[in-house]
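Spelled out from the first residue to the last, the chains are:
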Amino acid sequence: MSLEILTFSFMHRALISGVAIAILCSVIGLFLVLRRYSLFGDAIAHSSFGGIALGLMAGVYPLWTAYGVSIVSALIITKIKEKYDISGDAAIAVLLSSGIAVGLVIVGISGGFTIDIFSFLFGSILLVSVNETILILSLTGIILIVVLLLYRQLLYSTFNEEQAKVSGIPVEKINYLIVFMAGLTVVTSIQLVGVLLISALFVIPNVTAIMYGKGFKTTAILSISFSIFSVVTGILISYVFDITPAGTIVLLSIGLFGGTMGIKSMGLLSKN
Amino acid sequence: MLSVVEIEHLTVQYPDVKALDDVSFTVKKGDFLGIIGPNGAGKSTLFASMLGLHTKYKGTIKFFGKDIRKSKDYLKEIGYVPQKPIFEKNFPATVNDVVRMGLRKESDANKIDEILQQLWIHELSKKRIGELSGGQQQRVFIAKALVNNPKLLILDEPVTGIDQQSIDLFYSILRELNSKQKITIIWSSHDLDAVNQLANHVACLNRTLFFHGESDEFFENDELVKQYSEASMQEHMHHH
Ligand SMILES: Nc1ncnc2c1ncn2[C@@H]1O[C@H](COP(=O)(O)OP(=O)(O)OP(=O)(O)O)[C@@H](O)[C@H]1O
Ligand SMILES: [Mg+2]
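The structure reproduced in this document is the subject of the present report. Because the structure is predicted, anything quoted here is derived from the model rather than measured. (Residues numbered from 1 in each chain as written. Chains lettered and ligands numbered in written order. Predicted model: local features only at pLDDT ≥ 70, side-chain atom pairs only at ≥ 80, totals over all residues. Heavy atoms only, no water.)

### So, the overall build of chain B
So, point 1. Helix and strand counts for chain B stand at eight helices and 10 strands.
So, point 2. For 240 residues, the compact-globule estimate of 2.2 N^0.38 gives 18 Å, and the C-alpha radius of gyration of chain B, at 18 Å, lies within 12% of that figure.
So, point 3. By principal-axis analysis of the C-alpha atoms, chain B measures approximately 50 × 40 × 40 Å.
So, point 4. In chain B, buried positions account for 52% of the 240 residues.
So, point 5. The long-range fraction of contacts in chain B, counting pairs at least 24 apart against all pairs at least 6 apart in sequence, stands at 65%.
So, point 6. Total accessible area on chain B stands at roughly 11600 Å², and carbon and sulfur atoms take up 48% of it.
So, point 7. Once the 29 positive and 32 negative side-chain charges of chain B are each reduced to a mean point, those two points are 8 Å apart. (Helix = DSSP H or I, 4+ residues; strand = E, 2+ residues; numbered from the N terminus. Rg over C-alpha atoms; globule rule 2.2 N^0.38 Å. Buried < 20%, exposed > 50% of the residue type's maximum accessible area, 1.4 Å probe, protein only. Contact = heavy atoms within 4.5 Å. Areas by Shrake-Rupley, 256 points an atom, 1.4 Å probe, with all protein chains shown as cover. Lys, Arg positive; Asp, Glu negative; His and termini not counted. Charge placed at Lys NZ, Arg CZ, Asp CG, Glu CD.)

Pasting the structure below:
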């Protein structure tokens, strides 16, 4: 493999935003996985399809409408879920299908678009612009700072809502905050892996890391490392062999997952 | 004496049952109150109302003289150990992580080791919570409840499904907390003998409050003791 590719500035942008998104998805995904909300990222991603269609119809930059629609619909579904005591998986199903449905209807009304639906579905990390890279980096910074500042509240309300409430933590507000941050993260990450594979970044590095039997911080660090490894290696390999980055990234993280299972079944990851 | 808890005419109506009916009692500073009553008597409901988890109650609950509907500040002074702490079996949190969740001020982090030592779980501090036995987990949750130096400890029937050795250790810890550290304790239990040995006050609950007073007064009343040991025995047999 030629090292020349590391000198291209589009490659710099791809790697930098890829690493940022890898960190972001691992961190937010860990809270979602532990809340048995693994597919929530997927649902938000699908609802962003409605947002993108809306943006295209209204002649607005589609990523902005995707942010708006995804976050608002995710917050609404969370409200409905709490008020009517609907289970998490059912709420996810509702959100997922309604986003696609809205998108399809809008596409129908406006007589179909000729957008690059392929890049929306599977990501286009090698095409990120300077401005998009700056946006990705700023959002990553802000979300990570919020997570660090509210670390105890986020962890405790994920561990046990009732006990967190008794300890005086505003659990409902924290829940909405997680949904809000998940919405921001998903729409931001669509550029990397696309709608169809988004939940892979949220879930696979985290379930892999959890298998190592460590405490919370170590688990988060392991997950972030797996995620960065898959994204960086995936981008480089896919460019060299001219294959799709999204698929390569996800396959690499599945490889780490499989490897971890292998190590574990051989008893090398003993329980302390 | 300062009253820690005052409950006046507390009534809780669930859609299908009236779980608590006009319950009134007071807990004073330093009390060790054992609440006994069969399954479904309303013990957990009483605690949920006291802790602000159930808000649709009638009547008044006061902590340290203040109505809990007005301010949640009282929660800072309370340590709570739930009946069954529910969490994901493979949740990536060590014993240390769990106790730290209870910690309000990061500056008090040195308290964690101290408390783990006091509860005989310091050697487990790097183990995941899901890998421990029931008795060990229970001690972790007590440690979490104690880490902020609470004035009041509320424990909901915490010995179900735990081996005798752990129960004995648990009781000696409770006794020490109450007598040496002067922590007020409210504790629900099915075990009349244990209540007799540990508590200095007893409340008999079965939707309504049948008795509330000094422990000696209760255990000298053969009629009441017989009634409650039978009631709890029966319910226990149903349970198993
Ligand atoms: N959230 C709820 N919704 C409806 N009914 C409830 C609820 N929680 C408890 N109940 C009912 O209220 C009554 C009191 O239950 P509670 O759990 O308070 O009893 P308990 O004394 O703690 O019993 P146990 O000894 O089994 O723990 C029971 O009939 C129970 O079925
Ligand atoms: Mg109970």
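After that view of the structure, there is still more to cover.
### Focus on the packing of helix 10 (residues 198-210) of chain A against helix 11 (residues 216-241) of chain A
Residue and element names in this part refer to chain A.
So, point 1. Across the interface, helix 10 lies against helix 11 with an axial gap of 8 Å and an inter-helix angle of 130°. Taken together, the axes of helix 10 and helix 11 lie oblique to each other. As helix 10 runs across helix 11, the sense of the crossing is right-handed. Facing helix 10, whose interface residues are Leu-201, Pro-205, Asn-206, Thr-208, Ala-209 and Ile-210, helix 11 presents Thr-219, Leu-222, Ser-223, Phe-226, Ser-227 and Val-231. (Axes fitted to C-alpha atoms, helices over the stretch in contact; angles between N-to-C directions. Parallel < 35°, antiparallel > 145°, perpendicular 65-115°, else oblique. Left-handed = near helix turned anticlockwise from the far one by under 90°.)

### Description of the sheet that holds strand 6 (residues 78-81) of chain B
Residues and elements named next belong to chain B.
So, point 1. Taken together, the six strands give an open sheet; going across it, the order is 6-7-8-3-9-10, and neighbouring strands pair in mixed fashion. On the outer flanks of this sheet lie strand 6 and strand 10 (208-214), each paired with one strand and no other. Each strand of the sheet is rotated relative to its neighbour by a mean of 15°, with strand direction disregarded.
So, point 2. Sheet analysis places strand 3 (residues 32-36) next to strand 9 (residues 201-206), joined by four bridges and oriented parallel. Of the residues in strand 9, the one forming a bridge with Ile-36 is Cys-204.
So, point 3. Contacts from helix 1 (residues 43-50) reach strand 3, strand 7 (152-156), strand 8 (184-189) and strand 9 within the one sheet, and its direction differs from that of strand 7 by about 145°.
So, point 4. Sitting on the sheet, helix 5 (residues 164-179) touches strand 3, strand 7 and strand 8, and the angle it makes with strand 8 is about 150°. (Pairing = 2+ DSSP bridges.)

### So, the sheet that holds strand 2 (residues 18-28) of chain B
All names here are of chain B.
So, point 1. Taking strand neighbours across the sheet as the criterion, the four strands line up as 2-1-4-5 in an open arrangement whose pairing is antiparallel. The open sheet terminates on both sides in strands that have one partner only, identified here as strand 2 and strand 5 (66-67).
So, point 2. Here strand 1 (residues 3-13) runs beside strand 2; their pairing, made up of seven bridges, is antiparallel. Bridge pairing links Val-5 to Val-27 in strand 2.
So, point 3. Its contacts with the sheet put helix 1 on strand 1, strand 2 and strand 4 (57-63), and the angle it makes with strand 1 is roughly 115°.

### Concerning helix 7 (residues 151-159) of chain A
So, point 1. With respect to burial, helix 7 of chain A is a largely interior element, seven of its nine residues being buried.
So, point 2. Of the positions making up helix 7 of chain A, those classed as buried are Arg-152, Leu-154, Leu-155, Tyr-156, Ser-157, Thr-158 and Phe-159 of chain A.

### Regarding the interface of chain B and chain A
So, point 1. Taken together, the 28 residues of chain B in the interface contact 23 residues of chain A.
So, point 2. Interface area, chain B with chain A, both sides summed: about 2300 Å², of which 59% is carbon and sulfur.
So, point 3. It is Phe-91, Pro-92 and Met-101 of chain B in chain B that bury the most area against chain A; as a group they hold 27% of the surface buried on that side.
So, point 4. Where chain B packs against chain A, one counts one salt bridge.
So, point 5. We note a salt bridge from Arg-36 of chain A to Glu-88 of chain B, for which the minimum N-O separation is 2.5 Å.
So, point 6. Our count for the chain B to chain A interface comes out at 11 residue pairs in polar contact (both at pLDDT 80 or more).
So, point 7. Sorting the residues of the side of chain B that touches chain A by element identifies helix 2 (95-101) and helix 4 (134-146) of chain B as the ones contributing at least two each.
So, point 8. Per-element accounting of the side of chain B that touches chain A gives the leading share, four residues, to helix 2 of chain B.
So, point 9. Tallied by class, the residues present in the side of chain B that touches chain A amount to 16 nonpolar, three polar and nine charged. (Buried area = accessible area lost by both parts, 1.4 Å probe. Salt bridge = Lys/Arg side-chain N within 4 Å of Asp/Glu carboxyl O. Polar contact = N/O pair within 3.5 Å; in protein donor to acceptor, adjacent residues only side chain to side chain. Nonpolar A, V, L, I, M, F, W, Y, C, P; charged D, E, K, R; others polar.)

### Let's talk about the packing of aromatic side chains
All names here are of chain A.
So, point 1. Summed over all chains, the structure comprises 18 aromatic pairs over all chains.
So, point 2. Ring plane angle 40° and centroid distance 5.8 Å describe the contact between Phe-31 and Phe-216, whose orientation is recorded as tilted. One end of the pair, Phe-31, is in helix 1 (residues 9-34); the other, Phe-216, is in helix 11, and 185 residues separate them in sequence. Like Phe-216, Phe-31 is buried. (Phe/Tyr/Trp six-rings, centres within 6.5 Å; stacked < 30°, edge-to-face > 60°.)

### Remarks on the site of ligand 1
Residue and element names in this part refer to chain B.
So, point 1. In the vicinity of ligand 1 lie 15 residues, with Asn-39, Gly-40, Lys-43, Ser-44 and Thr-45 positioned nearest.
So, point 2. In isolation ligand 1 exposes 630 Å². Once the protein is present, 63% of that is buried.
So, point 3. Per element, the largest residue contribution to the shell around ligand 1 is three residues, and it comes from helix 1.
So, point 4. By residue class, the composition of the shell around ligand 1 is five nonpolar, seven polar and three charged. (Near = heavy atom within 4 Å.)

### What about the coordination of the magnesium ion (ligand 2)?
Residues and elements named next belong to chain B.
So, point 1. On the protein side, the magnesium ion (ligand 2) has Ser-44 (OG) and Gln-83 (OE1) as donor atoms, found 2.0 to 2.4 Å from it. On the criterion of sequence distance, the pair formed by Ser-44 in helix 1 and Gln-83 in the loop between strand 6 and helix 2 is long-range, its members being 39 residues apart.
So, point 2. Residue Ser-44 is classed as partly exposed on the basis of its relative accessible area, which comes to 31%.
So, point 3. On the basis of relative accessible area, Gln-83 is assigned to the partly exposed category, the value being 32%. (Donors = N, O, S within 2.8 Å, 3.2 Å for Na, K, Ca; no water.)

### What about the packing of helix 7 of chain A against helix 9 (residues 171-193) of chain A?
All names here are of chain A.
So, point 1. Where helix 7 contacts helix 9, the two axes come as close as 10 Å, and the packing angle between them is 105°. As judged from the angle between their axes, helix 7 and helix 9 are roughly perpendicular. Across the interface between the two elements, Gln-153, Leu-154, Ser-157 and Thr-158 from helix 7 touch Val-171, Ile-174, Ile-178 and Met-181 from helix 9.
So, point 2. Its residues placed into classes, the contact of helix 7 with helix 9 shows five nonpolar, three polar and no charged.

### Remarks on a negative patch on the surface
Residues and elements named next belong to chain B.
So, point 1. A contiguous patch of negative charge, built from Glu-214, Asp-216, Glu-217 and Glu-220, is present on the exposed surface.
So, point 2. Along the chain, the position of Asp-216 falls in helix 7 (residues 215-220).
So, point 3. Residue Asp-216 is classed as exposed on the basis of its relative accessible area of 53%. (Patch = residues over 30% accessible without salt bridge, like charges linked within 9 Å, V, L, I, M, F, W, Y side chains within 5 Å.)

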